[in-house]
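# Descriptive structure summary
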Amino acid sequence: CENSFLSNAELTLSQKVMVHPNLTDGKFQVSYNFNSNEAAVVTVTDMTGRVVKQSRVEGGIGSEYFQLEGAAAGTYLVTIATASEKVTEKLIVTK
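Attention in this report is confined to the structure presented alongside it.

Criteria and cut-off values
- Residues numbered from 1 in each chain as written.
- Predicted model: local features only at pLDDT ≥ 70, side-chain atom pairs only at ≥ 80, totals over all residues.
- Heavy atoms only, no water.
- Salt bridge = Lys/Arg side-chain N within 4 Å of Asp/Glu carboxyl O.
- Helix = DSSP H or I, 4+ residues; strand = E, 2+ residues; numbered from the N terminus.
- Buried < 20%, exposed > 50% of the residue type's maximum accessible area, 1.4 Å probe, protein only.
- Core = buried A, V, L, I, M, F, W, Y, C linked by side-chain atoms within 4.5 Å.
- Contact = heavy atoms within 4.5 Å.
- Pairing = 2+ DSSP bridges.
- Axes fitted to C-alpha atoms, helices over the stretch in contact; angles between N-to-C directions.

### Some thoughts on the pattern of salt bridges
Here the structure, examined in full by the defined rule, presents 3 salt bridges. Put simply, E38 and K16 hold a salt bridge, and the shortest N to O gap is 3.6 Å. Highlighted residues: E38 in the loop between strand 2 (27-33) and strand 3 (40-46) and K16 in helix 1 (residues 13-16), separated in sequence by 22 residues. Judged by its relative accessible area of 6%, K16 falls in the buried class. Two residues, R50 and D46, come together in a salt bridge whose shortest N-O distance is 3.1 Å.

### Quick look at the nonpolar core
By size, the foremost hydrophobic cluster in this structure holds 20 residues, and its most contacted members are F28, V30, F34, V78, I80 and L91. Contributing elements (two or more residues each) for this core: strand 1 (17-20), strand 2, strand 3, strand 6 (74-81) and strand 7 (86-93).

### Considering the environment of I61
Relative to the helices and strands, I61 is located in strand 5 (residues 61-67). Note: C-alpha distance between I61 and A73 (12 residues apart in sequence) is 30 Å. Sequence-distant contacts of I61, that is, excluding residues within four places in its chain, are made with Y32 and N33.

### Focus: the sheet that holds strand 5
To summarise the sheet geometry, strands pair through backbone hydrogen bonds and adopt either a parallel or an antiparallel arrangement. With antiparallel pairing, 3 strands are arranged side by side in an open sheet as 1-2-5. Of all the strands in the sheet, the pair left with one neighbour each is strand 1 and strand 5. Adjacent strand axes in the sheet meet at a mean angle of 15° when their direction is disregarded. Sheet topology places strand 1 next to strand 2; 4 bridges connect them, and they run antiparallel. In the sheet register, M18 faces strand 2, and the bridge partner there is S31.

Below, the structure written as C-alpha cells:
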C-alpha cells in the first residue's frame, strides 16, 4: 500500500492558501500553510490593476484578516506571492 499523503513541500502554492469568504462585504481572510521559512506578500488589486491593499505574511500556519474599507462592489484579485511561486484568486465584494 502506497502512502498518498503529500508533504507540505510537495504542495503547490494554490493548495497552501485559501481566500474566504467569497462573496464578501469587504472583510475576508487569507489562510495559509507555508514552510516555516517561507514568507509571502498578499496584494489585493481592483480590475484596473490599482493596488487596494498589500501585506506581508510570515511563514508557518496562520491567517491574515483584511478589510477593504471604502471598496466599491465588484471583482478584486488577491495575489499571494512567495519567492518562487504566485497564485491569484478572484474575490467578489458585494455591498
